[in-house]
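Geometric and topological summary
The chain contents come next:
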Amino acid sequence: MRLSISITVAAAILSAGTHAFVPSNSVIPRCCSPSLGMSSVAEPEASTSSDAAPAAADAAPAPADAAPAASDSGVSDAAPAADAAASASGDVNVAAGDRQKLYGKDVDLPETYVMCGRCKTAYALQPDDLGPKGKGRRIECTVCSHSWYQARDRLFTLNDEHELVPAPEHHLSRVASNIAADRQPSYTGDFKLYVGNLDFYTTAEELRETFAEKGEVGDVNIITGEDGRSRGFAFVTMMTEEGGKLAEELDGQDVGGRNLVVRPPNN
């Protein structure tokens, strides 16, 4: 099952992205939903591991006040009852990473997640998924193969404006394209365009499809107000300058009954 984020961070992506998440726009204020491209979890490492410090730098820092609560045993107090029952019955080996592979499918998504520092793919994860010993363990992103040491107290916690949603195919293909071209996996292009006069119900996916006719689209960001509704304009980033120049030809094209205004941003 593929997931994608409500801001566009945690959209879910499966199998080399099946359990990964990435941020995506939604009708509510920009929120993130990790896309699942689950990676296998290695054996627990001792907290004194020499690579623990540099790995922490790779992972996006989590706010100190957002650290998930854990019980003295290292198991999250917020773990769904169904998960606990499955673990008790021996059906799911949590420490081996089995439960993490089921998030978004047979097991409800938790409120905590981690994110790959290289491709920005997010993974649903609870503290006890990292094993019973030490302060954490080494994990690997199955989308870009980056690995890092993940500490239990460095998990991200979703707030009221974020949710985990299935990850879009375009996220996986963009990361794969970047790796093949020897670019940073998280690269989204450098030719940004202002897109105005949008119908308030135009979606990011509709804009992506429209601009994809001119070239590979790296990012679509519809600007929303505090109420989460579109403000009628967006920024679209094309992966190449050539694609960006061609996309400027979309100026005046009808989308949703309104003629687009497409031009380089003022800044």
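Residue positions are given per chain, counted from 1 along the sequence in the order it is written. Under the rules for a predicted model, residues below a pLDDT of 70 receive no local features and side-chain atom pairs below 80 are neither given nor counted, while totals for whole chains, interfaces and linings still include all residues. For the side-chain quantities, the full set of heavy atoms in the structure was used; hydrogens and water were omitted.

Looking at the nonpolar core
- Nonpolar cores were defined as sets of buried Ala, Val, Leu, Ile, Met, Phe, Trp, Tyr and Cys residues, with membership established by side-chain atoms within 4.5 Å. Burial classes: relative accessible area under 20% of the type maximum marks a residue as buried, over 50% as exposed, and values in between as partly exposed (1.4 Å probe, protein chains only). Within the largest apolar cluster, 18 residues are counted, with the highest numbers of intra-cluster contacts made by Val-195, Leu-207, Phe-211 and Met-238.
- Those elements giving two or more residues to this core turn out to be strand S10 (191-196), helix H4 (204-211), strand S11 (217-224) and strand S12 (230-238).
- Leu-130, Ile-139, Leu-155 and Val-175 belong to the second largest nonpolar core, which has 14 residues in total. Numbering of helices and strands starts at the N terminus; helices are DSSP runs of H or I of at least 4 residues and strands are runs of E of at least 2.

Here's the deal with the side chain of Arg-152
- Structurally, Arg-152 is set in the loop between strand S7 (147-151) and strand S8 (156-157).
- For the buried Arg-152, which has no salt bridge, the nearest side chain bearing the opposite charge is Asp-128, at an N-O separation of 7.3 Å.
- At 3.4 Å, the side chain of Arg-152 forms a polar contact with the backbone oxygen of Lys-133.
- Throughout this description, a polar contact denotes any pair of N or O atoms lying within 3.5 Å of each other; where both atoms belong to protein, one of them has to be capable of donating a hydrogen while the other can accept it, and for residues adjacent in sequence the pair is counted only when both atoms sit in side chains. A distance of 2.4 Å separates a polar side-chain atom of Arg-152 from the backbone oxygen of Gly-134. Just so you know, the count uses Lys and Arg for positive and Asp and Glu for negative, and it drops His and the chain ends. Salt bridges are identified by distance alone: a Lys or Arg side-chain nitrogen within 4 Å of an Asp or Glu carboxyl oxygen.

Observations regarding unusual backbone geometry
- If you check the backbone angles, Lys-120 has positive phi at about 65 degrees while not being a glycine.
- As for its placement among the helices and strands, Lys-120 is situated in the loop between strand S4 (112-115) and strand S5 (122-124).
- One non-glycine residue, Ser-145, adopts positive backbone phi at about 70 degrees.
- Its place among the elements puts Ser-145 in the loop between strand S6 (136-140) and S7.

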